[in-house]
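Coordinates in review
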Amino acid sequence: MRDLYEALGVGRGASAEEIKRAYRKLARRHHPDVNPSNLDAAKRFREIQEAYAVLSDRDKRKQYDEFGTVDEGAAAARTRWTTRPAPGGFGFRTVEGFADLGEIFGNLFGGFGRVGTPPEAPIEAAVELEFAQAVRGASVVVPVQREVVCRECGGSGRLRSRACPRCHGTGTLVQTDRLRVKLPAGVGDGDRVRATLKDGSKREVAVVVRVRPHAFFERKGDDIYTVVPVTFSEAYLGAEVEIGTIHGPVRAKIPSGTQSGQRFRLRGKGVRNVRTGVHGDHYYTVQVTVPRLVSPAGREAARRVGELYVGAGDPRANLPRSLD
Ligand SMILES: [Zn+2]
């Protein structure tokens, strides 16, 4: 068993007020509603609760300081929480342990409603989309994890004076709901989409969207960027080339005398904005390619192309030659 002072990050001489402060801070950070799919956080939260149950009680603390354990052991110190709404709208509650938990959590969410009935933070879930799904919108099934009270043992962790085999004595189980969520066209990497659990709990879920990058289409906000290779003659003489966009191929003009690296815009060929419905733009950067294979005829043609630069001057004339 971990040292209880260590669990709360306080020294052995910490005052009751210091212990309470440390507990509030840690409980807020590791609360399961804040870290819904994080089992480590749930474990840590329980540890913090257990440590506080002992160290906030003068007699139990004294006993612990003296003997390193408390008589009633972890069972008495154990508390549990549930996502079932408790009377009064409190999202979780203690069953055993300390009386002032409600007061402590009442202050956690500061500024909302009356003490003891904080609004529940949404459960956080994540979904990863293919690039095309994000662009077009998609209906996806999101696994939503939350910790619930073990029904076998009613959350006590004990069954016929043994550790409950279902929850291995922890009193809680992780429940995974499969929630179907409709994501709008244009949803982006890092966006948070709100949804509601369809069971009786009506719990709000914040779905964090991750979008896999595409090998060809680069997305920045609502705009799309691509690189389009062209031949020397296409850049020099001008040409009409096909540009692949997320809306399908588009014929686009490359003006004569186009430079490698020059960028052009196709208005409205980007991603639909989730809020406004207005489409972003597609920018394509022209990249002049050179044939890799050098032939005698090519050598002659290149020499004559080189002569074309004579009138235009040294292309590197304006470059600095060093730092100074
Ligand atoms: Zn159980």
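These lines cover the structure that appears in this document, whether it is placed above or below. This one's a predicted model, so the numbers in the text were calculated from it and none came from an experiment.

Re the coordination of the zinc ion
Ideal geometry at a metal gives 109.5 degrees between four tetrahedral donors and either 90 or 180 degrees between six octahedral ones. On the protein side, the zinc ion has Cys150 (SG), Cys153 (SG), Cys164 (SG) and Cys167 (SG) as donor atoms, found 2.2 to 2.4 Å from it. Each of the four donor atoms bound to the zinc ion contributes to angles spanning 104 to 114°, and the resulting shape is tetrahedral. Each donor residue of the zinc ion lies on the same chain, and together they follow the pattern C-x2-C-x10-C-x2-C. In this pair, Cys153 sits in the loop between strand 2 (138–149) and strand 3 (158–159) while Cys167 sits in the loop between strand 4 (162–163) and strand 5 (172–183), placing the two residues 14 residues apart along the sequence. We note that Cys153, like Cys167, is buried.

Some details on the sheet that holds strand 12 (residues 263–266)
Strand order in the open sheet made by the four strands is 8-9-13-12, with mixed pairing throughout. Every interior strand has two partners, whereas the edge strands, strand 8 (218–220) and strand 12, have only one. Strand after strand, the sheet turns through a mean of 30° between neighbouring axes, direction not considered. Of the strand pairs in this sheet, strand 12 and strand 13 (residues 282–288) are connected by four bridges, and their pairing is antiparallel. Note on strand 13: the bridge partner recorded for Leu266 is His282.

Some thoughts on the packing of helix 2 (residues 16–30) against helix 3 (residues 39–55)
Closest axis-to-axis distance for the helix 2/helix 3 pair is 9 Å, and the angle between their directions is 160°. With respect to helix 3, the axis of helix 2 lies roughly antiparallel. Between helix 2 and helix 3 the crossing geometry is left-handed. Contact residues: Ile19, Lys20, Tyr23, Leu26, Ala27 and His30 in helix 2; Ala41, Arg44, Phe45, Ile48, Gln49, Tyr52 and Leu55 in helix 3. Of the residues assigned to the contact of helix 2 with helix 3, the class counts are nine nonpolar, two polar and two charged.

Quick look at the pairing of strand 10 (residues 239–245)
As paired elements, strand 10 and strand 11 (residues 248–254) share seven bridges and run antiparallel to each other. From the neighbouring strand, Gly244 faces strand 11, where its bridge partner is Pro249. Taking the residues between adjacent antiparallel strands as the criterion, strand 10 and strand 11 are bridged by two residues.

Re the packing of helix 3 against helix 4 (residues 58–67)
Two elements in contact, helix 3 and helix 4, have axes whose closest approach is 6 Å; the angle formed by their N-to-C orientations is 100°. Judged on the interaxial angle alone, helix 4 and helix 3 are roughly perpendicular. Of helix 4, the residues touching helix 3 (which contributes Ala53, Val54 and Leu55) are Lys60, Arg61 and Tyr64. Counted by class, the contact of helix 3 with helix 4 contains four nonpolar, no polar and two charged residues.

Quick word on the packing of aromatic side chains
Within this structure, the stated rule accounts for six aromatic pairs. Taking the centre distance of 6.1 Å and the plane angle of 40° together, the rings of Tyr5 and Tyr64 count as tilted. Here Tyr5, found in helix 1 (residues 4–8), pairs with Tyr64, found in helix 4; they are 59 residues apart in sequence, far enough to count as distant. The same class applies to Tyr5 and to Tyr64, which are both buried. On the basis of an interplanar angle of 15° and a centroid distance of 5.1 Å, the ring pair of Tyr225 and Tyr283 is categorised as stacked. Taken together, the positions of Tyr225 in strand 9 (residues 223–230) and Tyr283 in strand 13 put the pair 58 residues apart, joining distant regions of the chain. Take Tyr225 and Tyr283: they sit in the same class, and that class is buried. Positioned above the aromatic ring of Tyr225 is the side chain of Lys220, whose terminal nitrogen or guanidinium carbon lies 4.6 Å from the ring centre.

Here we look at the pattern of salt bridges
As enumerated under the stated definition, the model contains 16 salt bridges in all. Here Glu240 ties to Arg251 by a salt bridge, and the two come within 3.2 Å at their closest N and O atoms. Here Glu240, found in strand 10, pairs with Arg251, found in strand 11; they are eleven residues apart in sequence, far enough to count as distant. You can call Glu240 partly exposed: its relative accessible area is 42%. Here Arg251 falls in the exposed class, since its relative accessible area comes to 52%. Counted as one network, the salt bridges with shared partners bring together Asp3, Arg12 and Asp65.

Topic: the environment of Ala132
The topology assignment puts Ala132 in helix 7 (residues 131–136). Of the residues examined, Ala132 reaches a relative accessible area of 35% and is grouped as partly exposed. Between the C-alpha atoms of Ala132 and Arg212, which are 80 residues apart in sequence, the distance is 9.2 Å.

Cut-offs used in this document
Residues numbered from 1 in each chain as written. Predicted model: local features only at pLDDT ≥ 70, side-chain atom pairs only at ≥ 80, totals over all residues. Heavy atoms only, no water. Donors = N, O, S within 2.8 Å, 3.2 Å for Na, K, Ca; no water. Tetrahedral: all angles 85-135°; square planar, octahedral: opposite > 155°, others 65-115°. Helix = DSSP H or I, 4+ residues; strand = E, 2+ residues; numbered from the N terminus. Buried < 20%, exposed > 50% of the residue type's maximum accessible area, 1.4 Å probe, protein only. Pairing = 2+ DSSP bridges. Axes fitted to C-alpha atoms, helices over the stretch in contact; angles between N-to-C directions. Parallel < 35°, antiparallel > 145°, perpendicular 65-115°, else oblique. Left-handed = near helix turned anticlockwise from the far one by under 90°. Contact = heavy atoms within 4.5 Å. Nonpolar A, V, L, I, M, F, W, Y, C, P; charged D, E, K, R; others polar. Phe/Tyr/Trp six-rings, centres within 6.5 Å; stacked < 30°, edge-to-face > 60°. Lys NZ or Arg CZ within 6 Å of the ring centre and 35° of its normal. Salt bridge = Lys/Arg side-chain N within 4 Å of Asp/Glu carboxyl O.

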